[in-house]
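Descriptive analysis of the structure
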Amino acid sequence: MEKKQDLRVIKTLEAIRNALIQLMEEKGFEAVTIKDITEKARINRSTFYAHYQDKYHCLSSHENEFMKGILDIAKRHASIRGTDDDSLPIAIDIFQYFHKHRDFLKALLSPKGDPAFQSRLKQAMWEQLYERTAAARSRPKRAPISPEYVATYISGAHLSVIQYWLNNGCKESPEEMARVLSWLTVQGPLRAAGLMGNA
């Protein structure tokens, strides 16, 4: 009986999440009401309030769950890092995760989504993909550009590439996208575009 109840809760939360995604795409989060969510999810208000305090709590709960997935991926890779190219395997796993949750991520990163979430994702991407890699650990003490500017540039560029990928239907595979970002990061955009000498 308990398993059936748990399954019912899972299905209810999925229905709420899917309703939220659709409504964010249709009208933007700020315009979404609890009534909109409950009608779209086909649940009553008491069911919604059994899980969330309000729409902001609902959104933040799903965002936190999404971010936890990224951190879980990073933890799984933490014990096997150690080479200069160790960012590629985790990048592939994260892009696979992005692809699995592409509808939710696309809605969050859209102009009608949650601007604050973009900052959280950029920070997490930098920390998990690069800041803790072997390359970052061996960074020269006197680099020509401060790490903060480098982090801001790379994470911002990566987010733009991810948004383009999502908005164009995720045509490339997660593996391809991981290699695209790896190439852009290591070789730089001008070399990647063929505007400089061969790699």
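Refer to the preceding data block for the structure.
First, a word on scope: everything that follows refers to the structure included in this document. Just so it is clear, the model here is predicted, and its values are computed rather than measured. (Residues numbered from 1 in each chain as written. Predicted model: local features only at pLDDT ≥ 70, side-chain atom pairs only at ≥ 80, totals over all residues. Heavy atoms only, no water.)

Some thoughts on helix α5 (residues 87-100)
Across its 14 residues, α5 extends 20 Å between first and last C-alpha, which sits within 8% of the 20 Å expected from 1.5 Å per residue. Turning to α5, its buried residues are S87, L88, I90, A91, I92, I94, F95, Y97 and F98. (Helix = DSSP H or I, 4+ residues; strand = E, 2+ residues; numbered from the N terminus. Expected span 1.5 Å × (residues − 1). Buried < 20%, exposed > 50% of the residue type's maximum accessible area, 1.4 Å probe, protein only.)

What about the side chain of K55?
If you trace the backbone, K55 turns up in helix α4 (residues 55-78). The side chain of K55 sits in the buried core without any salt bridge; E30 is the nearest counter-charge, 4.5 Å away. Here K55 is in contact with F29, E30, A31, V32, I34, I37 and F48, once residues within four sequence places are set aside. (Lys, Arg positive; Asp, Glu negative; His and termini not counted. Salt bridge = Lys/Arg side-chain N within 4 Å of Asp/Glu carboxyl O. Contact = heavy atoms within 4.5 Å.)

Quick notes on the nonpolar core
Counting 46 residues, the largest nonpolar core has F66, F98, L105 and L121 as the members making the most contacts within it. Contributions of two or more residues to this core are made by α1 (2-27), α2 (34-41), α4, α5, α6 (102-109), α7 (115-131), α9 (147-167) and α10 (174-187). The residues contacting L121, other than those within four sequence positions of it, are F66, M67, I70, F98, L105, L109 and L159. (Core = buried A, V, L, I, M, F, W, Y, C linked by side-chain atoms within 4.5 Å.)

Side note on α4
In a regular helix each residue adds 1.5 Å, so 24 residues correspond to 34 Å; α4 covers 35 Å between its end C-alpha atoms and thus fits that length. Within the span of α4, buried status applies to K55, C58, L59, H62, E63, F66, M67, G69, I70, I73, A74 and H77. Capping the start of α4 is the job of one residue whose side-chain oxygen sits 3.1 Å from the backbone nitrogen of Y56: D54. (Polar contact = N/O pair within 3.5 Å; in protein donor to acceptor, adjacent residues only side chain to side chain.)

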